[in-house]
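Now for the letters of each chain:
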Amino acid sequence: MKEEDKKKLILDRATFRVITKKELENSLDSNKTLRIKFGIDPTASQIHLGRASTIQRLRDFQDLGHKVVLIIGDFTAKVGDASDKDSERKVITENEIRENFKTYETQLKKILDLSKVEYRYNSEWLEKFNFSSILDISKHFTVAQLIERENFIDRYKNHKPIGLHEFLYPIMQGYDSVAIKSDVELGGSDQLFNILAGREIQGYFNMKKQVCLTKKLLSGTDGRKMSSSWGNVINITDQPNDIYGKVMSIRDSVIIEYFNIATRVSTEDIKNIEKDLNESTSSGIMDIKKVLAYEITALYSTKKDAIKAENNFKKTVQEKQVISDDLILVKVDKKKARIIDLITSLTGQIPSKADARRLIKSGGVYIDNVRINDVNLEIDMKSGMIVKVGKRNLVKIKTTF
RNA sequence: GCAGAGAUGGCGGAGUGGACAAUCGCGGCUGACUGUAAAUCAGUUGCCAUUACGGCUACGAAGGUUCGAAUCCUUCUCUCUGCACCA
């Protein structure tokens, strides 16, 4: 990809707001190596597609020769960012923070060139803060500005608590920008306020103000905001088959959004796809979705895996075939078992027997492609028997008696 | 400090002595249909057992009243709002 295209990607792709665009354009055009700040929340350990899309832009910065500075918010984790939560967050220990970061790192590797990244823990400087310096900074902000934030208003209206320390969060994150002398801070649109705070605070320290570059958030598979607490997340560490399948399960209405935010398909191609989509028959829509699923899967694994995932989807979902390498193999040492016990103990996916009963009653259980209706059925165990529970749990039996 | 309101299942939010395992919405799961795991429609959604109008555990925590409590009382923990305070 040409340099100009990278710049365009950084500036325009899935951009929520840039403050200011002119500053960013000038910075990109100058020959200076820019310091690009990106905050990592050490309370989470999984990177989902939405977050990954922002990290993709970091990669573009890297490719243009700029310095990516990752801030690990070990100190700010003690407070909890109000941006992402409707309520306060639980406290996390230092060990957990280091552990989470390790798993984070293996994921970041998929996108960034880690050898060129600068890491900083923000406890390095925030730990040393004393009250008078906090006062110096905080007097530049008003309560009105802070409470203006949407989720503070909501919480206030709904009689949910807002801790005073939460007001300090933007100040802390803002000071990070001073500490590392960032030129640009990148984040999701939910970070707009915090990033702007950094801009302000740099001003108080007579520094060049950072550019605020925020990106659109990605919808989850159900159309709501992608959030780990809602189970509508696609993580980049998910198995290729899962990524592919989950993408196929998104609503048709968010297909273009996904192309824009979660893939590297060129903007022009996306425009054409959008045109096709509007003119498509129903099966055409599915074909477009398949392209999307392929692109995303390939981005976080390999083309080969993506093709495999596509075939897997065709066979298992569209043709309802059972594919042998998709099966979980389970060893059984008893000759007979009740179907309920079989389901709960063997698949490990069905949490309770009540649940198993429900599944059988609603017709979701098959043995060797024969639907089971009798809850109390005794099954003679045979090697090679295939038990299908619900849509996605397939178990192959291997007897050991 | 004073006064008032509140804490319910993954979430939102009803219920204010028995018919409450708890209306409803969201989310989840299963089925039908289809173009997919989309949309739509239907069913289902604490656990154990299923022969049952069955048992067990649960409505912030601990006690109590009662034949019987999510619902009443006491204490505790936490939250919100108003007043007071405005250093």
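Residues numbered from 1 in each chain as written. Chains lettered and ligands numbered in written order. Predicted model: local features only at pLDDT ≥ 70, side-chain atom pairs only at ≥ 80, totals over all residues.

1. Re the overall build of chain A
Condition: The way it works is that DSSP assigns letters per residue, a run of H or I at least four long becomes a helix, a run of E at least two long becomes a strand, and they are numbered from the N terminus.
When helices and strands are tallied, chain A shows 17 helices and 13 strands. With respect to the principal axes defined by its C-alpha atoms, chain A has extents near 80 × 45 × 40 Å.

2. Describing the pairing of strand E3 (residues 67–72)
Keep this limit in mind: Exposure classes come from backbone-placed C-beta atoms, where a residue is buried if 20 or more other C-beta atoms lie within 10 Å of its own, exposed if 12 or fewer do, and partly exposed in between. Two strands qualify as a pair provided that DSSP identifies no fewer than 2 bridges between them.
By the criterion of burial, E3 is predominantly enclosed, with five of the six residues buried. Sheet topology note: the E3/strand E4 (residues 118–121) ladder contains four bridges and is parallel. Bridge pairing in E4 places Ile-71 opposite Arg-120.

3. Section: the packing of helix H9 (residues 164–180) against helix H10 (residues 192–204)
We count it as follows: The axes used here are C-alpha line fits, helices contributing only the stretch in contact, and every angle between their N-to-C directions lies in the interval 0 to 180 degrees. Roughly parallel means an angle under 35 degrees; roughly antiparallel means over 145; roughly perpendicular covers 65 to 115; every other angle is labelled oblique. Less than a right angle of anticlockwise turn of the near helix away from the far helix marks a crossing as left-handed, whereas a clockwise turn marks it as right-handed. Here contacts are defined at the residue level, using C-beta atoms placed from the backbone and a cut-off of 7 Å between them. Note that Gly is not counted as nonpolar here; it falls among the polar residues with everything else outside the nonpolar set of Ala, Val, Leu, Ile, Met, Phe, Trp, Tyr, Cys and Pro and the charged set of Asp, Glu, Lys and Arg.
Here H9 crosses H10 at 55°, and the two axes come no closer than 7 Å. Considered as vectors, H9 and H10 are oriented oblique to each other. By crossing handedness, the relation of H9 to H10 is classed as right-handed. From H9, Pro-170, Ile-171, Gln-173, Gly-174, Tyr-175, Asp-176, Ser-177 and Val-178 reach across to H10, where they touch Phe-193, Asn-194, Ala-197, Gly-198, Glu-200, Ile-201 and Gln-202. Among the residues forming the contact of H9 with H10, the class breakdown is seven nonpolar, six polar and two charged.

4. Focus on the sheet that holds strand E5 (residues 184–188)
A sheet is described by the order of its strands in space; here six strands give the open sequence E1-E6-E5-E2-E3-E4, paired in mixed fashion. The outermost strands of the open sheet, each flanked by one partner alone, are strand E1 (15–19) and E4. Averaged over all pairs of adjacent strands, the angle between strand axes in this sheet comes to 20°, irrespective of strand direction. In terms of strand pairing, strand E2 (residues 35–40) meets E3 through six bridges, oriented parallel. Counterpart to Gly-39 in the pairing with E3 is Ile-71. The strands touched by helix H3 (residues 49–63) are E2, E3, E5 and strand E6 (211–215); relative to E5, the strand with the most contacts, the crossing angle is about 155°. Running at roughly 170° to E6, H10 makes contact with E1, E5 and E6 of the sheet.

5. Things to note about unusual backbone geometry
The omega torsion across Ile-19 and Thr-20 is -10°, close enough to zero to call that bond cis. Although it is not a glycine, Lys-181 sits at a positive phi angle of roughly 55°. Topologically, Lys-181 is positioned in the loop between H9 and E5. Look at Asn-206: it is not a glycine, yet its phi comes out positive at around 55°. Looking at the element boundaries, Asn-206 is found in the loop between H10 and E6. Since 6 C-beta atoms lie within 10 Å of it, Asn-206 is described here as exposed.

6. Observations concerning the nonpolar core
Let me state the cut-off plainly: Working definition: the nonpolar core is a set of buried Ala, Val, Leu, Ile, Met, Phe, Trp, Tyr and Cys residues, joined through C-beta atoms within 7 Å.
Membership of the largest hydrophobic core comes to 66 residues, with the highest contact counts inside it found for Ile-36, Leu-58, Val-68, Val-247 and Ile-296. Look past the residues within four positions of Ile-36 in its chain and what remains in contact with it is Leu-58, Phe-61, His-66, Lys-67, Val-68, Val-69, Ser-182, Val-184 and Leu-186. Core analysis: the next-biggest nonpolar cluster, separate from the first, contains 14 residues, Val-332, Val-365, Val-389 and Ile-397 among them.

7. A short note on the packing of helix H13 (residues 267–279) against helix H14 (residues 282–300)
Look at H13 against H14: their axes get within 8 Å of each other, and the N-to-C directions meet at 155°. Classed by the angle they form, the pair H13 and H14 counts as roughly antiparallel. Where H13 abuts H14, its residues Ile-273, Asp-276 and Leu-277 lie against Gly-284, Ile-285 and Ile-288. When the residues that make up the contact of H13 with H14 are grouped by side-chain class, the tally is four nonpolar, one polar and one charged.

8. With respect to the sheet that holds strand E13 (residues 393–399)
An order of E7-E13-E12-E9-E10 is seen for the five strands of this open sheet, with the pairing classed as mixed. The open sheet terminates on both sides in strands that have one partner only, identified here as strand E7 (328–332) and strand E10 (370–371). Examined bridge by bridge, E7 and E13 share five bridges and lie parallel to one another. Along E13, the bridge assignment pairs Val-332 with Thr-399.

9. With respect to helix H11 (residues 240–248)
Of all nine residues in H11, seven are buried, a share of seventy percent or more. Of the residues making up H11, those classed as buried are Pro-240, Asn-241, Ile-243, Tyr-244, Gly-245, Lys-246 and Val-247. Of the surrounding secondary structure, the elements contacted by the buried residues of H11 are H14 and helix H15 (303–318).

10. Topic: the pairing of E6
Within E6, five of the five residues are buried, leaving the element largely enclosed by the surrounding structure. Taken together, the four bridges between E1 and E6 define a ladder with antiparallel strand orientation. Each bridged residue has a counterpart across the sheet, and for Arg-17 the counterpart in E6 is Thr-214. Examined bridge by bridge, E5 and E6 share five bridges and lie parallel to one another. When the bridges of E6 are listed, Gly-188 appears paired with Lys-215.

11. A word on the confidence of the model for chain A
To be explicit about the condition: The predictor's confidence in any single residue is recorded as pLDDT, a number from 0 to 100.
In this model, chain A carries an average pLDDT of 82, and 91% of its residues clear a pLDDT of 70 or more. A low-confidence stretch, residues 82–90 (pLDDT under 50), is modelled with 16 contacts involving residues beyond four sequence positions or located in other chains. Interface confidence in the predicted complex, given as ipTM, is 0.80; pTM for the same model is 0.79.

12. Here's the deal with H9
Taken as a whole, H9 has its buried residues at Glu-166, Tyr-169, Pro-170, Ile-171, Met-172, Gln-173, Gly-174, Tyr-175, Asp-176, Ser-177 and Ile-180. Residue Lys-181 follows H9 closely and has a positive phi angle near 55°.

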